[in-house]
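# Notes for the structure review
Residues per chain, in single letters:
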Amino acid sequence: MLLIAGIALVQTTFGGDDWQIIKISGHDYLSVDNVSHFYGLPAGVVAAGDKIQFETVKHPLEFVSNSREAMINGARSWLCFPLMEQSGKYLVSRTDVAKTIEPLVRPHRVAVGKVETVVLDPGHGGHDKGQVSRYGAEKDFALDTARKLRPLLQAKGLRVIMTRESDYFVPLEVRAQIANSARNSIFVSIHFNGSGDDPNATGFEIFSFTPRGAPSTSDSAISSRAYNMQPGSTVDAQSTALSACIYHSLLGHIPEYDRGIKRARFAVLRLTKVPAVLVEGGFLTERGESKLISDKDWRAKLAGAISIGIENYLALGVTKQPPLLVADYRKQTKLEPTQPAIQEGAMKEADASLISLVGKSKFLPAQQAATPSQRMSLQSAPIVP
């Protein structure tokens, strides 16, 4: 063992003898060169503060000095810990190699398992409107997107359960319980974003649960002890791979700003025991993007992109081949058809399915739920400025 200024370089069995762990203050790091050599992928580092965009990225692995921001295979990704520079070497945390880089670079090596059910979770509902724009409320746009997504997944032979069928509120813990109770399921929560600080904020982002011992993407000043007290997930790799598959499809099909693959401890991710992601499909606080979101045809395109991403995740367990990336999708010219495979009126099983899964007592009494006359399709409901 060589000790220089508190840094120890040791051989380790982590991923084989190819890894050289560098210990700094009790934490494990690997050099960017080591990571690049192991994966056989060219890697680069840009100066702190520089912006990296899809069009300017030169390497499959692109890091930013002293930052958690990275580009991995053409999509922005956020590390758990900042890239460090020490003795002329750029270092990435061992946690990020295992929990971020590995499942994003090689999602086809993740043990996906059998997936029979997709639990779609339209965010908010009832008294909880979510973000609101001049064109409408997040709760309505999320529900309509899920309704458009459901038949596309059913056409692929998947069972689809909706955590809510119309405009009523479902507690967060019940949403997670629905996913946990469903057989061989994955969980996809659909939301639209908002910013009180930057009215010009735009773009897509996707979240999976934060690993144990790591900060969430939005965390900045929380002690490492607080991180270590937080639980992790036994399906972290699967959730990250699901994030990658959906996110690459989103960016590849819809030219929105890339905000990245991120981590969070949102309740629906923290309480869900199956592979789970939360999609943010654009900003309702930005005028141009909110108008796009209000367009039912644009939401159909969003649903189509999510559907293709889910399909590619399912294929990981079958083909054992890398999924399509942003660049691959952008070479294509069309989405798969987004016409419903079956009519809306034929989809009436989900409410009964939820009750059988989690019990009637978890839901609002009948008189507090939406009346039949209120349960109209958003596609037929007027959405006006």
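What comes next is a walk through the structure. (Residues numbered from 1 in each chain as written. Predicted model: local features only at pLDDT ≥ 70, side-chain atom pairs only at ≥ 80, totals over all residues. Heavy atoms only, no water.)

### Structural notes on the overall build of the protein chain
A tally of helices and strands in the protein chain yields eleven helices and 18 strands. Counting all 385 residues of the protein chain, 52% fall into the buried class. Looking at the protein chain alone, contacts between residues at least 24 apart form 70% of all its contacts between residues at least 6 apart. (Helix = DSSP H or I, 4+ residues; strand = E, 2+ residues; numbered from the N terminus. Buried < 20%, exposed > 50% of the residue type's maximum accessible area, 1.4 Å probe, protein only. Contact = heavy atoms within 4.5 Å.)

### Regarding the nonpolar core
Membership of the largest hydrophobic core comes to 64 residues, with the highest contact counts inside it found for Val188 and Ile246. Each residue touching Ile246, except ones within four places of it in the same chain, is listed here: Val188, Ile206, Val277, Val279, Ile306, Gly309 and Ile310. One finds Val119, Ile161, Ala182 and Phe207 within the second-largest nonpolar core, a separate group that totals 17 residues. (Core = buried A, V, L, I, M, F, W, Y, C linked by side-chain atoms within 4.5 Å.)

### Side note on helix 1 (residues 32-39)
An α-helix turns once every 3.6 residues. As a result, residues three or four positions apart point the same way. Those residues of helix 1 lying buried are Val32, Asn34, Val35, Ser36 and Tyr39. Buried positions along helix 1 lie against strand 3 (20-24), strand 4 (27-31), strand 5 (43-46), strand 6 (61-64), strand 10 (89-93) and helix 2 (94-105). One or two residues past the end of helix 1 sits Gly40, with phi positive at roughly 70 degrees.

### Looking at the pattern of salt bridges
Evaluation of the coordinates by the stated rule reveals 16 salt bridges. Notably, a salt bridge pairs Asp297 with Lys296, separated by 3.6 Å at the nearest N-O pair. Each of the salt bridges in this network shares a partner with another, and the network as a whole consists of Lys23, Asp28 and Arg94. (Salt bridge = Lys/Arg side-chain N within 4 Å of Asp/Glu carboxyl O.)

### Topic: the pairing of strand 18 (residues 276-283)
Judged by how many residues are buried, strand 18 sits mostly within the fold: eight of eight residues are covered. Note: strand 15 (residues 185-193) against strand 18, six bridges, orientation parallel. Within strand 18, the position partnered with Phe187 by the bridge is Ala276. Across four bridges, strand 16 (residues 204-209) lies against strand 18 in antiparallel orientation. (Pairing = 2+ DSSP bridges.)

### Quick look at the packing of aromatic side chains
Under the defined criterion, the tally for this structure stands at five aromatic pairs. Aromatic side chains Phe204 and Trp298 sit 6.3 Å apart centroid to centroid with 35 degrees between the ring planes, which places their arrangement in the tilted category. A residue pair is termed long-range when its members are at least 10 positions apart, and Phe204 in strand 16 and Trp298 in helix 9 (residues 296-319) qualify at 94 residues. Among the residues examined, Phe204 registers a relative accessible area of 0% and is labelled buried. Taking 5.1 Å as the distance between ring centres and 65 degrees as the angle between the ring planes, the aromatic pair formed by Phe207 and Phe266 counts as edge-to-face. (Phe/Tyr/Trp six-rings, centres within 6.5 Å; stacked < 30°, edge-to-face > 60°.)

### Digging into the environment of Tyr329
Within the secondary structure, Tyr329 is located in helix 10 (residues 326-331). Linking Tyr329 and Ser249, residues 80 residues apart in sequence, is a C-alpha distance of 6.8 Å. Once residues lying within four places of it in the same chain are set aside, the contact partners of Tyr329 are His248, Ser249, Gly252, His253, Ile308, Asn312 and Leu324.

### What about the pairing of strand 10?
Side chains on a regular strand alternate between the two faces of the sheet. Note: strand 4 against strand 10, three bridges, orientation antiparallel. Directly across from Tyr29, in strand 10, lies its bridge partner Ser93. Here strand 9 (residues 84-86) pairs with strand 10 via three bridges, running antiparallel. Looking at strand 10, one finds that Gln86 is bridged to Lys89. Counted along the chain from strand 9 to the antiparallel partner strand 10, the turn is two residues long, and its residue Ser87 has a positive phi close to 55 degrees.

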